[in-house]
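The chain contents come next:
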Amino acid sequence: MQDLVSGIALGSTYVLLAIGLSMIYGILRIIHVAHAGVYVIGAWAGYLVWRSTGSLLLAVIAGAVAGAVAGVAVLQLVYRPMLDKPRYVPLIASVGVFILVADLMAKPWLLGPNPHQMNVKPPLPALRVGDIGVSGTALFVVLTAALLLVMLWLVFSRTQVGLRWQAIAADRELAGASGIDVNRAVLSNFAFGSALAGAAGVAYAAYTGSVFATMGDVPSYKAFVVVVLGGLGNVWGTVVAGFGLALLETLLIANFGYLLPRDALAFIVLILVLMVRPRGLFGRAVA
Amino acid sequence: MSRLRVRDVTVRFASLTALSNVRLEVDAGEVVSLVGPNGAGKTTLFNVITGFVQPVAGTVRLDGQRLNGRGSARISRLGVARTFQVARPFPELTVEDNVIVALGRASYPHPLRTFGRARTPARRERAHGLLTEVGLPEPYDRPAGDLPVGHLRLLEVGRALATDPKVLLLDEPAAGLREPEVAQLERVVARLRERGLAVVLVEHNVPLALRAADRVIVLAGGEVIAEGTPDEVRADRTVIEAYLGTANA
């Protein structure tokens, strides 16, 4: 049961990162590799705020804001001019942006080449139910993710902008012909998804206790695995896949040890699932 | 001044000339039917008017304001709405949401309002009113993708009307409709004309196209070959023989 708790906390960070990637893929059909760069920028901003204020809550907010700004900058400066090009063009640009961010972050005037400790004072009291203990930081991470997911669900299902995102994801051309300002809706979608990535960066750094320039490397492909498992562009499938993958990783390692590197498991699961369901667990069949 | 004025529009796809010096004028409160064989350029003309295709020559103006060169969303917000030859719903949204998502600017006076509640009582009432007006039966809370083809066409008209258009372009709205639905559609078009909308109707159901229209334009090979009142076009022997068929004469 203790492992289950760890899996849920880790899954919360996977989901927060992957859900933005899924939202952006859904609306633009771009595999936004640079999303992991946004995650690092969010973690860095959160780290700076935590170092000067000691508040994890403020750090998460700062990470979300920095993530939103960075994501919108990538959209406007990099993707916007190439939206009418074949999809591999923004994909290549996205890989380039991700490498650029990781290299910049490794400069001494940003994060530098070495990890920074981020041993946060747990913002919530630890919980203990029988033999199961939940640290205040893990609880904070899970509650933050839950709050953001509820917020996302409300925006998606209840607001006009959420309806517009769904309409654009279904048929971008028709959405435009229906008077929807597609550019503006894509911008808000990018800002929201990127804010989640920024928050995920801070949550992961707080949970693991360190921030470093290359912390986006593993999430860059693991988030992609989660999105594909959930069904490309299926936001709620991404939630299930994110928690499922984290739980599977944690439980397998707890029960069988490191038979394989933890991160290799994600790809083994992906390969096995795609052999049975090529469209992912919750993806729709392509006619 | 005509509400919609298309002047000398020419469209080329590689070596194919899809439209050649096409002119079209529609006044407020007027229904113009566009008829012609497959490949005549009818849908291409709609695509030009709505910004999906840019012409190599010619202009499109709405109340004197130039439309060509603008994006389709901007053109829609300026007051030109359309339906598609193949009905295109947002399949996972409910029928009601398909209309609510397209509700015009009057419903969202400020961009930040889009972060507000989508399904306010006023917007739901407006959406239901439009769906009732076009004759789409309830329930409206089912996914649009579950609707039969005929109902999808009616939903498209409802969604187009949700944008508060001045000009409505209907691309084969009767295709796949049963007789009572065609009659309903005809009544809807007549009501829209009474309300002052300019309507352009592309329709393969020629009797319907002639019945519903104030004027008829016949396109063939990307050129206008005849224009006039339904009676004039009906009496045009070349048109009858070449495009309408003697049975419709």
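For the structure given in this document, a descriptive report is provided here.

Cut-offs used in this document
Residues numbered from 1 in each chain as written. Chains lettered and ligands numbered in written order. Predicted model: local features only at pLDDT ≥ 70, side-chain atom pairs only at ≥ 80, totals over all residues. Heavy atoms only, no water. Helix = DSSP H or I, 4+ residues; strand = E, 2+ residues; numbered from the N terminus. Rg over C-alpha atoms; globule rule 2.2 N^0.38 Å. Buried < 20%, exposed > 50% of the residue type's maximum accessible area, 1.4 Å probe, protein only. Contact = heavy atoms within 4.5 Å. Areas by Shrake-Rupley, 256 points an atom, 1.4 Å probe, with all protein chains shown as cover. Lys, Arg positive; Asp, Glu negative; His and termini not counted. Charge placed at Lys NZ, Arg CZ, Asp CG, Glu CD. Expected span 1.5 Å × (residues − 1). Pairing = 2+ DSSP bridges. Axes fitted to C-alpha atoms, helices over the stretch in contact; angles between N-to-C directions. Phe/Tyr/Trp six-rings, centres within 6.5 Å; stacked < 30°, edge-to-face > 60°. Lys NZ or Arg CZ within 6 Å of the ring centre and 35° of its normal. Buried area = accessible area lost by both parts, 1.4 Å probe. Salt bridge = Lys/Arg side-chain N within 4 Å of Asp/Glu carboxyl O. Polar contact = N/O pair within 3.5 Å; in protein donor to acceptor, adjacent residues only side chain to side chain. Core = buried A, V, L, I, M, F, W, Y, C linked by side-chain atoms within 4.5 Å. Parallel < 35°, antiparallel > 145°, perpendicular 65-115°, else oblique. Left-handed = near helix turned anticlockwise from the far one by under 90°. Nonpolar A, V, L, I, M, F, W, Y, C, P; charged D, E, K, R; others polar.

## Re the overall build of chain A
Scanning chain A from terminus to terminus reveals 11 helices and 4 strands. What you see for chain A is a C-alpha radius of gyration of 18 Å, in line with the 19 Å of a compact globule of 287 residues. The dimensions of chain A, computed from C-alpha atoms along their principal axes, are 55 × 45 × 35 Å. Of all 287 residues assigned to chain A, the portion counted as buried reaches 54%. In chain A, the share of contacts with a sequence separation of at least 24, taken over all contacts with a separation of at least 6, comes to 74%. By element, 70% of the accessible surface of chain A is carried by carbon and sulfur atoms, the whole surface being about 12400 Å². Of note, chain A has its 17 positive side-chain charges centred 5 Å away from the centre of its 10 negative side-chain charges.

## Describing helix α4 (residues 121-133) of chain B
A rise of 1.5 Å per residue sets the reference length of α4(B), with its 13 residues, at 18 Å; its end C-alpha atoms lie 18 Å apart and thus fit the reference within 8%. Elements in contact with the buried residues of α4(B): α3 (95-100), α5 (149-161) and α6 (179-194) of chain B.

## Regarding the sheet that holds strand β8 (residues 198-202) of chain B
All names here are of chain B. Here we have 6 strands laid out as an open sheet, ordered β6-β7-β8-β3-β9-β10, and mixed in their pairing. Each end of this open sheet is capped by a strand with a single partner; those strands are β6 (80-82) and β10 (223-228). Recorded for the sheet is a direction-independent mean angle of 20° between the axes of neighbouring strands. Both strand β9 (residues 215-220) and β10 contribute to a ladder of 5 bridges, which runs antiparallel. Across the sheet, residue Ala220 finds its bridge partner in β10, namely Glu223. Packing of helix α1 (residues 42-49) onto the sheet brings it into contact with β3 (31-35), β6, β7 (167-171), β8 and β9, and relative to β7 it is tilted by some 150°. Contacts from α5 reach β6 and β7 within the one sheet, and its direction differs from that of β7 by about 165°.

## Some thoughts on the packing of aromatic side chains
Summed over the entire model, instances satisfying the criterion amount to 8 aromatic pairs over all chains. When the centroid spacing of 6.4 Å and the interplanar angle of 45° are considered together, the rings of A:Tyr39 and A:Tyr204 count as tilted. Of this pair, A:Tyr39 sits in helix α2 (residues 35-53) while A:Tyr204 sits in helix α8 (residues 182-208); the two residues are 165 residues apart in sequence, bridging distant segments of the chain. Owing to a relative accessible area of 2%, A:Tyr39 belongs among the buried residues under this scheme. Members of the aromatic cluster, each reached through a chain of ring pairs, are A:Phe156, A:Trp165, A:Phe192 and A:Trp236. Positioned above the aromatic ring of B:Phe84, the side-chain terminus of B:Arg88 is 4.4 Å from the ring centre.

## A word on the interface of chain A and chain B
Each partner contributes to the interface: chain A provides 23 residues, whereas chain B provides 26 residues. Interface of chain A and chain B: buried area, both sides summed, is about 2200 Å²; carbon and sulfur atoms make up 60% of it. By the criterion of area lost to chain B, the three top residues of chain A are A:Gln160, A:Leu163 and A:Leu174, representing 27% of everything that side buries. Our count for the contact surface shared by chain A and chain B stands at 3 salt bridges. Across the pair A:Glu173 and B:Arg88 runs a salt bridge, and its minimum N-O distance is 2.9 Å. Summed over the shared surface of chain A and chain B, the number is 11 residue pairs in polar contact (both at pLDDT 80 or more).

## Details of the pattern of salt bridges
Taken as a whole, this structure holds 22 salt bridges over all chains when the rule is applied. Taking the shortest distance from any N to any O, the salt bridge between A:Lys85 and A:Asp84 comes out at 3.7 Å. The partly exposed category is assigned to A:Lys85, whose relative accessible area is 40%. For B:Arg126, the salt bridge goes to B:Asp164, with nearest N and O atoms at 2.8 Å. A residue pair is termed long-range when its members are at least 10 positions apart, and B:Arg126 in helix α4 and B:Asp164 in the loop between α5 and β7 qualify at 38 residues. What you see here is one network of salt bridges that share partners, running through A:Asp171, A:Glu173 and B:Arg88.

## Points about the nonpolar core
Judged by nonpolar contacts, the single largest core of 138 residues is most densely connected at A:Leu56, A:Met118, A:Trp165 and B:Leu136. For this core, the element with the most residues is α8(A), which contributes 13 residues. In this structure, A:Met118 is in contact with A:Gly46, A:Tyr47, A:Trp50, A:Leu56, A:Val202, A:Ala205, A:Ala206, A:Gly209, A:Ser210 and A:Val211, ignoring residues within four places of it in sequence. Residues B:Val6, B:Val22, B:Val53 and B:Leu62 belong to the second largest nonpolar core, which totals 30 residues.

## Considering unusual backbone geometry
Note that the residue after B:Glu138, namely B:Pro139, is joined by a cis bond; omega there is 10°. One can find B:Pro139 in the loop between α4 and α5. A positive phi angle, near 60°, is found at A:Arg29, a position not held by glycine. Mapped onto the secondary structure, A:Arg29 falls in the loop between α1 (2-28) and α2. By relative accessible area, which is 39% here, A:Arg29 ends up partly exposed. At B:Ala14, a position not held by glycine, the phi torsion is positive, near 55°. As for its position among the elements, B:Ala14 is in the loop between β1 (4-13) and β2 (16-26).

## A word on the packing of helix α3 (residues 56-79) of chain A against helix α4 (residues 88-105) of chain A
Residue and element names in this part refer to chain A. α4 packs onto α3 with a crossing angle of 130° between their chain directions and a minimal axis gap of 11 Å. Taken together, the axes of α3 and α4 lie oblique to each other. Note that α3 runs across α4; the crossing there is right-handed. Contacts from Val74, Val78 and Tyr79 of α3 reach α4 at Pro90, Ala93, Ser94 and Val97. Looking at the contact of α3 with α4, its residues break down into 6 nonpolar, 1 polar and no charged.

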